[in-house]
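Each chain, written out:
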Amino acid sequence: MKATIYHNPRCSKSREALAILNGTPGLAVEVVEYLKTPPSRETLKDLYARAGMTAREGLRITEDAAKPLKGADDDAILDAMAADPILIERPLVVTEKGARLGRPPERVREIL
C-alpha cells in the first residue's frame, strides 16, 4: 500500500504522523512538503471529501491569514488555501482507504 503525507517538517504533529507511516511494514510513503509544493484547490477539495471533513475543518485557524476567513464559505477557504498553503492544517495523509487529518497523529492508523 502507498500513503501520501502532506507534511511540514517543522511541525511536531506532522513529524509524529510521518514516524507512524515510516514504521508501518510494507507501506510506501510519499512525502509532499506542501509549503514547497502546494496541493491544488481541486486536490484539497478531494482530500477533504475523502476525509469526511469540510475545508473549514482543515483550516489552520491559528494563522493570522485565517482571521479574514472567519465567516467565509468552503469555496473561499479553498481559494485562500490554494493561494497561501500555510492555511492548510497538517498533516494530511491519504491512502487507498481514505484520507485523514493527523490530529492527533494516531488518526492516520485508521486508513492504514
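This is a predicted model, so every value here is computed, not measured. (Residues numbered from 1 in each chain as written. Predicted model: local features only at pLDDT ≥ 70, side-chain atom pairs only at ≥ 80, totals over all residues. Heavy atoms only, no water.)

1. A word on the sheet that holds strand β3 (residues 92–95)
The condition that has to hold: Strand pairing is assigned whenever DSSP detects at least two bridges linking the two strands. Helix numbering and strand numbering both begin at the N terminus, where a helix is a DSSP run of H or I of at least 4 residues and a strand a DSSP run of E of at least 2. Note on geometry: axes are lines fitted to C-alpha atoms, helical ones only across the stretch in contact, with angles between N-to-C directions running from 0 to 180 degrees. We call two residues in contact when some of their heavy atoms are within 4.5 Å.
Taken in spatial order, the four strands of this open sheet run β2-β1-β3-β4, and their pairing is mixed. Of all the strands in the sheet, the pair left with one neighbour each is β2 (28–33) and β4 (98–101). On average, each strand axis in the sheet is tilted by 15° relative to the strand beside it, whichever way the strands run. Where β3 lies against β4, four bridges are found, and the strand directions are antiparallel. Within β4, the residue paired with Val94 across the bridge is Ala99. Strands β1 (2–7), β2 and β3 of the sheet are contacted by helix α1 (residues 12–22), whose axis makes an angle of about 165° with β1.

2. A look at the nonpolar core
The nonpolar side chains of soluble globular proteins are, as a tendency, buried together. Keep this limit in mind: Throughout this description, the term nonpolar core refers to a set of buried Ala, Val, Leu, Ile, Met, Phe, Trp, Tyr and Cys residues connected via side-chain atoms within 4.5 Å. Buried, partly exposed and exposed residues are distinguished by accessible area as a fraction of the type maximum, computed with a 1.4 Å probe on protein chains only: under 20%, between the cut-offs, and over 50%, respectively.
Tyr48, Met81 and Leu92 are the most contacted members of the largest nonpolar core, which totals 23 residues. With residues up to four places along the chain from it excluded, the contact list for Leu92 reads Thr4, Ile5, Tyr6, Leu44, Leu47, Tyr48, Arg100 and Leu101. Counting residues in hydrophobic clusters, the runner-up holds ten residues, among them Ile5, Ile20, Leu21 and Ile111.

3. Focus on the pairing of β2
Within a regular strand, side chains alternate between the sheet's two faces. Bridge count for β1 against β2 is six bridges, and the pairing is parallel. Of the residues in β2, the one forming a bridge with His7 is Glu33.

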